[in-house]
Amino acid sequence: MEFEMRNAECGLRNMRSECPEFRIPNSKFQNSEGHRVVITGLGIVSSIGVGKEEFWKNCLQGNSGIRPIRGFDVSSYRSRLGAQLPEVDFKAFIKPANLRRMDRIGRIVVSAVRLALDDSGIDVKKEDPNRMGMSIGTGLGSSDTVDQFFRSLLKDGPTGAAPLLFQTAVPNAIASHCSIEYGIKGVNLTFSHKETSTEMAMAFAYRLLKEGRADVILAGGGDELSEPLYHVYSMLGALSPGRGKGPEGMRPFDQDRNGVVLGEGSGILVLETLEHAEKRGAKMYAEMSGVGMAGSTDGLLRYDLKGDSIAKAMSVAAKEPSTVDYICAAANSTPDLDRAETLAVKKVFGERTKEISVSSLKSMIGEFDGSGGIRACGVALTLFHGVIPPTIGIEHLDPQCDLNVTLGQPKKKKIRSALLNGCANGGSNISLWFKRC
Amino acid sequence: MKKRVVITGLGVVSAVGNSILEFWNSLIEGKDGTKEITAFDPSLYRTKIAAEVSDFYAEDHFSRKEIRRLSRCDQFGIVAFREAWRSARLDRDPIDKEKVGIVLGAGSGGILSVEKYFRDFYQGLKKPSPSLLISYSLATTTDLIAIESGLKGPRTTTATVCSSSSASMGVACEMIQMDLADVMVTGGSDSLCEVSYSGFSSLKLIDPESCKPFDRRRQGLVIGEGAGILILEELEHALKRNAPIRSEFLGYGICADAYHLTAPEPNGEGVERVMRIALNHAGITPEEVDAINAHGTATPFNDIAETRGIKKVFGERAREIPISGIKSMVGHCLGSAGGIEAVATVLTLENGIIPPTIHYEVPDPLCDLNYTPNQSIKRDVQVALSNSFAFGGNNVCLVFGKYDGV
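A.B. asks: Give a detailed account of the overall build of chain B, specifying residues and quantitative values.
C.D. replies: Each helix and strand counted, chain B has twelve helices and 14 strands in total. Taken against the 2.2 N^0.38 rule, which gives 22 Å for 406 residues, the C-alpha radius of gyration of chain B at 20 Å falls within 12% of a compact globule. Taken along the three principal axes of its C-alpha coordinates, chain B extends 65 × 50 × 40 Å. Here chain B holds 406 residues, and the buried ones make up 66% of them. Considering only contacts in chain B between residues 6 or more positions apart, those separated by 24 or more positions represent 80%.

Below, the structure is given as structure tokens:
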């Protein structure tokens, strides 16, 4: 305990020299920056599979989750596609009494948490609930519930406002559902910052674990594809085919890419201190080893056009850039982002760029604000199995996106470390660095 | 040693003042910002009041083109940010913008604009302008401020509504201590809208007369609006540029009740834990705390749970510590509540004056602490806490201290 306290005070890279007691006996569990953090469980609810096995099989086979939209009418839009979840039997994951209180996105994320906990082998009842936390990212949370609430308010005035809808409509309801369902009493925070919502949630969890302020944090998040969301994206001109000439579709790095296809789902990582994980003999997928962030200021709906901020985020995150063998790209089939990310990778890795494999899982699961959780699960599986999933949908690789993009078949490769990029329109950029265990 | 974080700038827009000076004078005079609602027609509601921002003229701050694009929430946020930025002298000092970031807390955000869009859209009256939809994301105000002032550091938005902007300060502090930034803009902005008003109204959580925290007659909250922005800065960085150091950010705590979607844990167990986590993180003992800015929403359950939690942490001393419930004056500003109250807490430390809880007349036997009734008091304050709790039991506690100069 005393070591932990001391370490918490000294756990900063640049303060190392000023903190002589910092070197602690058991250096296996801690490095110069504090506790080592590992991924010990994965929970995935995605359009290409519920549970890590099905998800990973489809990832490697390059199976897309994109289909014509079901559930609402899209005939008035130029777009008609989406990567929606299959029918999920939420009863398999959530107690029936609690299921009633949750809206759809609540159910999706709570199910992903259940899957992640089961995968990690953690029995919450045996843990100190105050040392377990939730760090969740969601771009638009319960967009459908908000819409229902609003419509009934419009129709019936104040008497139409339904209290049960209101209490689940707040963005933090998702993390609250999780804490109530599993009795998790430690840190509980929700981030909502467009496409970097979940990356930030993981970064925050990483920091607290590093400092020894928790043993286990469930980190990640998700989003749902709802009719109002589809409408908003369409009106803002973000959906493929936009004004593009080519057909509608998700084609990251392709020269005819013309906007995003919306997806939905949730990915949750069990992040844990190495010390705690070893103590309970946990299986480890990968180590989380760095976080980088930088903002760009090109415009409210613009990505980092020159790629400088994305490059800065990557270079701060990857403290040993020469070991990076794989990048799980943020590329989302928009003309600007895919080009900017390419520029950024070249800026950071120079000559080595061609050696680094790149893929965009968004080509299969679609784009949504909370996609980072699922993509981080993908990175963990990539490091664990040493196989890189392909990017699908590419017919003509854009010469301006001339990275070593994995196409067609999955590629076997020993991966020492990997980066996960999250880039939001408006200018938030986050990069997370993971190492093989 | 951990990096120390200080507050070097403050800015505010609120129902009782649109500048720090006006806001603070109103608070210590006990001025109530509650009035009849003008943002929408409240005639069909049981309650008709809110703590709306008044005397705020967008034309004083923005061009006509900007006004068309900025939601009311964005406008409050930017105006409070500009005041905070200037007061920290960041407009004059040469600083590396690569290491200036922003974390704001969001509540209903730009939903007022989105509401306008969908009202027209669903009623088929006219074709609404899609530009109203750029406020659909809760991150909009954060991004706009970063873009306006060229901030290239870390950027994110917290979204736990009633505790959002308090949580944002914890996150900002981590970013400085991780060496991702030297300066962080933090706090939050929110505007009154019918969606959140009708929601709280449907839960019967709104008082029809006034907000009366800890008083036995309390019936609930009064919704407010505004923005509270604080500049957090790494101490060495602040000293090097000779910045005005207003107080020190000593630490924070965040935890979950894991109890209920709307009701707080009735025994104050979550309140106790979050204050203990915060004090522990700050390296402060309960004996050192001189004042508490309560969450004090004036809902029957919150005030009892908060009182019980405070008693558990401070024991006998609980009755001696002056507590302020400034929601009685500024209302519950949801996404900006924590920011506005943190501004008040810093001003409390700076001026040695504890703002009152107004409308306090009938004591409640279940709320039997010193709530600083109706009159502000002079008191030297070295360490002060600010509590914020949200739906779902998302608790946050912040610890501020006087900067001691060493």
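Now that the structure has been shown, we can carry on.
A.B. asks: I'd like to hear about the nonpolar core, residue by residue, with values.
C.D. replies: If you look at the biggest cluster of nonpolar residues, it comprises 276 residues, and the most contacted ones within it are A:Leu269, A:Leu271, A:Ala380, A:Ala418, A:Leu432, B:Leu232 and B:Ala278. Residue contacts for A:Leu271: discarding those within four places in its chain leaves A:Val37, A:Ile39, A:Ala205, A:Tyr206, A:Leu209, A:Ile217, A:Ala219 and A:Met288.

A.B. asks: Give me unusual backbone geometry: which residues, what numbers.
C.D. replies: A:Pro241 follows A:Ser240 through a cis peptide bond whose omega is 5°. Inspection of the secondary structure assignment puts A:Pro241 in the loop between α9 (227–235) and β10 (265–273). Backbone geometry at B:Asn242 places phi at a positive 55°, although glycine is not the residue there. Looking at the element boundaries, B:Asn242 is found in the loop between α8 (235–240) and β8 (247–256). Of note, the phi angle at B:Thr372 is positive, near 55°, even though the residue is not glycine.

A.B. asks: Give a description of the confidence of the model for chain B that names residues and reports values.
C.D. replies: This prediction gives chain B a mean pLDDT of 96; 100% of its residues lie at or above 70. Confidence estimates for the predicted assembly give a pTM of 0.96 and an ipTM of 0.98.

A.B. asks: Let's hear about the interface of chain A and chain B: which residues, and what values?
C.D. replies: Each partner contributes residues to the interface: chain A has 61 residues there, and chain B has 63 residues. Secondary-structure elements contributing two or more residues to the side of chain A that touches chain B are α5 (143–156), α6 (163–169), α7 (173–182), β8 (188–191), α8 (197–210), α9 and β11 (286–295) of chain A. Ranked by the residues each element gives to the side of chain A that touches chain B, the list is headed by α5(A), at five residues. Here the side of chain A that touches chain B is built from residues that sort into 30 nonpolar, 23 polar and eight charged.

A.B. asks: Any chance you could break down the pairing of strand β14 (residues 394–401) of chain B for me, citing the residues and the numbers?
C.D. replies: All names here are of chain B. Buried residues dominate β14, accounting for eight of its eight residues. Burial along β14 is two-sided: Asn394, Val396, Leu398 and Phe400 facing one way and Asn395, Cys397, Val399 and Gly401 facing the other are all buried. Across eight bridges, the pairing between β8 and β14 is antiparallel. Bridge assignment links Glu248 to a residue of β14, and that residue is Gly401. Where strand β13 (residues 383–390) lies against β14, eight bridges are found, and the strand directions are antiparallel. Across the sheet, Ser386 pairs through a bridge with Leu398, a residue of β14. Hairpin connection from β13 to β14: three residues lie between these consecutive antiparallel strands, with Gly392 at a positive phi of about 80°.

A.B. asks: Give me the environment of A:Asp325: which residues, what numbers.
C.D. replies: Residue and element names in this part refer to chain A. Mapped onto the elements, Asp325 comes out in strand β12 (residues 324–328). You can call Asp325 buried: it has 21 C-beta atoms within 10 Å. With 30 residues separating them along the chain, Asp325 and Glu355 place their C-alpha atoms 7.1 Å apart.

A.B. asks: Now, about the packing of helix α4 (residues 104–120) of chain A against α7(A): what can you tell me, with residues and values included?
C.D. replies: Residues and elements named next belong to chain A. Two elements in contact, α4 and α7, have axes whose closest approach is 9 Å; the angle formed by their N-to-C orientations is 45°. By the angle class used here, α4 and α7 are oblique. You can see that α4 and α7 cross each other, and the crossing is right-handed. Residues Ile105, Gly106, Val109, Val110 and Val113 of α4 form the contact with α7, whose participating residues are Ala173, Ile174, His177, Cys178, Glu181 and Tyr182. Tallied by class, the residues present in the contact of α4 with α7 amount to eight nonpolar, two polar and one charged.

A.B. asks: A description of the environment of A:Met132 should follow, citing residues and the corresponding values.
C.D. replies: With respect to the helices, strands and loops of the structure, A:Met132 is situated in strand β7 (residues 132–137). Residues A:Met132 and A:Lys185, 53 residues apart in the sequence, show an inter-C-alpha distance of 6.6 Å.

A.B. asks: With reference to specific residues and values, describe the domain arrangement of chain B.
C.D. replies: All names here are of chain B. Domain annotation of chain B identifies domain 1 (5–247) and domain 2 (251–401). The C-alpha-based centres of domain 1 and domain 2 are spaced at 20 Å. Across the contact, 63 residues belong to domain 1 and 60 residues belong to domain 2. Secondary-structure elements contributing two or more residues to the side of domain 1 that touches domain 2 are β1 (5–13), α1 (20–29), β4 (100–106), α6 (164–177), β6 (183–190) and β7 (226–234). For the side of domain 1 that touches domain 2, the element with the highest residue contribution is α6, accounting for seven residues. Taken together, the residues of the side of domain 1 that touches domain 2 break down into 27 nonpolar, 25 polar and eleven charged.

Reading guide: rules and limits
Residues numbered from 1 in each chain as written. Chains lettered and ligands numbered in written order. Predicted model: local features only at pLDDT ≥ 70, side-chain atom pairs only at ≥ 80, totals over all residues. Helix = DSSP H or I, 4+ residues; strand = E, 2+ residues; numbered from the N terminus. Rg over C-alpha atoms; globule rule 2.2 N^0.38 Å. Buried ≥ 20, exposed ≤ 12 C-beta atoms within 10 Å, placed from the backbone. Contact = placed C-beta atoms within 7 Å. Core = buried A, V, L, I, M, F, W, Y, C linked by C-beta atoms within 7 Å. pLDDT = per-residue confidence, 0-100. Nonpolar A, V, L, I, M, F, W, Y, C, P; charged D, E, K, R; others polar. Pairing = 2+ DSSP bridges. Axes fitted to C-alpha atoms, helices over the stretch in contact; angles between N-to-C directions. Parallel < 35°, antiparallel > 145°, perpendicular 65-115°, else oblique. Left-handed = near helix turned anticlockwise from the far one by under 90°. Domains from an automatic or database assignment.

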